[in-house]
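This is what each chain is made of:
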Amino acid sequence: MSTTHTRDTVAAGPPPDGTRRPRPLNSAFSRTAPNRPLLGALGIAGLLALWELAPRLGAVPERYFPPVSEVLATLAERATTAPFWEAVGHTLYGWALGLGIALAAAILLGFALGAAPRLRAFTTSTVDFLRPIPSVALIPLAVLVYGTDIRSTLLLVVYACFWLIYIQVLYGVADVDPVAEQTARSYGLGRLARIRYVVWPTTLPYLMTGLRLAAAVGLILSITAQLIIGSPGIGDQITNAQQGGAVALVYAWIVATGILGVVINIGVRALERRVLRWHTSVRGEAAA
Amino acid sequence: MNHQNHQPNHQGERPAMLKVTGLQKIYNGGATAVEAVRDLTFELAEGELVCLVGPSGCGKTTLLKCIAGLMAPTGGTVELADRPVLAPPPGMAVVFQEYGRSLFAWMSVRDNVELPLKEKKLPKARRTELVTESLEAVGLTGFADSYPWQLSGGMQQRVAIARAIAYEPQVLLMDEPFAAVDAQTRADLEDLVREIWQRLGVTVLFVTHDIDEAVYLGERVLVLSNSPTVVQDDITVDLPVERDQLTTRQDERFTDLRARVYAQIQRAKRGTDQPVA
Ligand SMILES: Nc1ncnc2c1ncn2[C@@H]1O[C@H](COP(=O)(O)OP(=O)(O)O)[C@@H](O)[C@H]1O
Ligand SMILES: [Mg+2]
C-alpha cells in the first residue's frame, strides 16, 4: 500500500517558521487571484472529460475502468441510502476520535517535555526510533489485541497522528522568543501565565501545521484499517464492492474518499486562518 | 510630583532607589568565558533620570538584565529600595531594545498593555482606566484594537512605553529604546520620556549609545568603559529642567557636556582601565 509513501512525503514537509518567513498559506491567493479558481475548474473539467472518453473510446478496458458518468451515477445513488452514510460515519468517527486523542496527548507531552530539556534530550533517541515506524506495520498487532474492534483503527490513527503533531509541538515550544519570554517575566507573569500567554500562542502555528498533516494522514489510516482489518467503514465497503465485482462502486467509494479528504482539508485550513489571524502566514488577509 | 523635585541630584538629598554594588557578570559559553561587566557600582536616587552611555558591546544590556532580575550576576548585588533583587521585582518595568519582539504579536495593543495589569490582579475598571490613560499619554488613543504588526516601528515602541507606564513602576529601565526609529520620531519619543518622568516621578535608567541623547535626557550621565566594563565617569547634567529639542541642543552648556561625555567615551574606547577618580 502507499501508506508508507504518504507518511514519508508528509513528514518531510518543512516545519513552519514562527515569525521570520511567511508560509505559503495565502501567497497563492494574492498574486494570481483571478485566474486560480478558473484554471482549477478547467483542470478538473479536463480530467473528467478524459476519464469519460478514455473508457468509451476503448483506450482503457471499461471492465476495470468505468467512465466517470457511471461512477458518479453510482455514487449519487448510494449517497441517498442509509448504509452509505453509516460507513462514512464510522470512518469519520475513527478519524476524529483518533485525531482528538493524538492531539491531546501530543499537546500534553509536548508542553511537558518542552519545559524539561533534560527529559527531552533523554527521550529524543527513543522518539527518533519510534517515529519512522509506519502505522500499518502495527496492523497485525492491533488485530491480535483488539480484533476488528474500533480500537484497532484508533491505535493506527493515534500512532500516526501523534508523532506528526508531537514533533511540531516540540518545535513550537522551543521557538519561544527570549525577548518575549523576558518581557513576560519582567512583568511578573508566573509559569502558568507564561505558558498561556507566550508559549501557547508561539506554538499554535506549529500545532496547526501538525494538525493539518495529521488530519490528512488520519483519514488515510482510518480507511486503511477498515480496508485491511475489515472493521466497518468506507475501507470495508471498498473491499466488499471489490469482492462483489462492483467495479463502479469501488470507484464511487474512492471518489467519496477523495471528496472527504478535500472537505477535511478545507475545514482545517479555515480553522487555521481563524486561529492564526495574527500570524505572518494569515495576516495579509486579516489586515486587508 | 512638581518640578522642584527634579533639580540636579545632590548626593544625599533624595533616598537611594536603586543601588548597584560591585556588579560583575561573566558569560560561560562553553570553553570561552566572556567577562561582559567587571565591576560596576552606582546609585540612582528616587525620582532621578539617569542615562547610561557606553560603546556598543560594553555590557549595557547585560547590566540592565541583571538589574531587572532576569539574569543572576556573577558577583555583586542589586538593591531596589533597600531590598536585594534576586528575581524580577514587582515595582520595575523594562522597555527592551527589540520592541518588535517584546510586544506579543498575537494580542491587540490593548491586550498587550493590559496583560501585566491582569497579572497584578487589578480590577477591570482600574485596568481599563490605566490602559486608556497610558495610550493617551503616548498618543495612540485610536489604536487600542490594532495589532502591533499593523503599526510603524515608532508606534510599536510607544506601545511598549505605554505598557511600561500603565504598570505604574517605581523604576523604569529602558534599553536603547530609540536606536531603531527615525530622527523625528526619536526626538518626539525623547520628549515623551521626559514628560512621563516629570509627570509620574518615576526613577528612570535610560541606556543609550547616543551621547546627545544621553545629555539631552538625563539629570546625570554615567559613562561606561569598554569591556570588561567599569563606570568611567559620572557627569551631572546641570541643564534647565525644561528642555527643548532646538534651544537646549544649541545651549553652550549642552555642547560642553556633550564634549566631556565624548572625550570620556573616546578614552573608554582606547581601553583605559582606570575609572576617573
Ligand atoms: N548570552 C550571552 N552569552 C555570551 N556572551 C554574551 C551574551 N550576551 C552578551 N554577551 C557578550 O557580552 C558583551 C556585552 O553584551 P551586551 O550586554 O549585549 O552589550 P551592549 O548592550 O552594551 O551592546 C558582549 O561582548 C557580548 O558578546
Ligand atoms: Mg544592548
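What this report covers is the structure whose coordinates are included nearby. Small disclaimer: the values here were computed from a predicted structure and weren't measured.

Digging into the site of ligand 1
Residue and element names in this part refer to chain B.
Phase 1: Close to ligand 1 lie Tyr27, Ala36, Ser56, Gly57, Cys58, Gly59, Lys60, Thr61 and Thr62, which account for all nearby residues.
Phase 2: Contacts to ligand 1 include glycine 57, whose backbone N or O atom sits 2.7 Å from an oxygen atom.
Phase 3: Measuring from an oxygen atom of ligand 1, one finds a side-chain N or O atom of threonine 62 at 2.5 Å.
Phase 4: Coverage of ligand 1 by the protein amounts to 58% of the 560 Å² it exposes when considered alone.
Phase 5: Ranked by the residues each element gives to the shell around ligand 1, the list is headed by helix H1 (residues 60-67), at 3 residues.
Phase 6: The residue makeup of the shell around ligand 1, split by class, is 3 nonpolar, 5 polar and 1 charged.

Some words on the nonpolar core
Note on soluble globular proteins: their nonpolar side chains tend to be buried together.
Phase 1: Counting 129 residues, the largest nonpolar core has Tyr166(A), Trp253(A), Phe206(B) and Val261(B) as the members making the most contacts within it.
Phase 2: The element contributing the most residues to this core is helix H10 (residues 191-229) of chain A, with 17 residues.
Phase 3: Residues in contact with Val261(B), not counting those within four places in the same chain, are Val53(B), Ile211(B), Val215(B), Val221(B), Val223(B) and Ile235(B).
Phase 4: Among the nonpolar cores identified, the runner-up in size contains 33 residues, and Ala36(B), Leu44(B), Ile67(B) and Leu224(B) belong to it.

So, helix H8 (residues 150-174) of chain A
The α-helix advances 3.6 residues per turn, and as a result positions three or four apart in sequence lie on the same side.
All names here are of chain A.
Phase 1: Here H8 spans 35 Å end to end across 25 residues, near enough to the 36 Å set by a 1.5 Å rise per residue.
Phase 2: Largest kink in H8: about 25°, centred on phenylalanine 162.
Phase 3: Burial analysis of H8 places 20 of its 25 residues in the buried class, the great majority of the element.
Phase 4: With a side-chain oxygen lying 2.9 Å from the backbone nitrogen of arginine 151, the N-terminal cap of H8 falls on aspartate 149.

Calculation rules
- Residues numbered from 1 in each chain as written.
- Chains lettered and ligands numbered in written order.
- Predicted model: local features only at pLDDT ≥ 70, side-chain atom pairs only at ≥ 80, totals over all residues.
- Heavy atoms only, no water.
- Near = heavy atom within 4 Å.
- Polar contact = N/O pair within 3.5 Å; in protein donor to acceptor, adjacent residues only side chain to side chain.
- Areas by Shrake-Rupley, 256 points an atom, 1.4 Å probe, with all protein chains shown as cover.
- Helix = DSSP H or I, 4+ residues; strand = E, 2+ residues; numbered from the N terminus.
- Nonpolar A, V, L, I, M, F, W, Y, C, P; charged D, E, K, R; others polar.
- Core = buried A, V, L, I, M, F, W, Y, C linked by side-chain atoms within 4.5 Å.
- Buried < 20%, exposed > 50% of the residue type's maximum accessible area, 1.4 Å probe, protein only.
- Contact = heavy atoms within 4.5 Å.
- Expected span 1.5 Å × (residues − 1).
- Bend = angle between axes of the 7 residues up to and from the residue.

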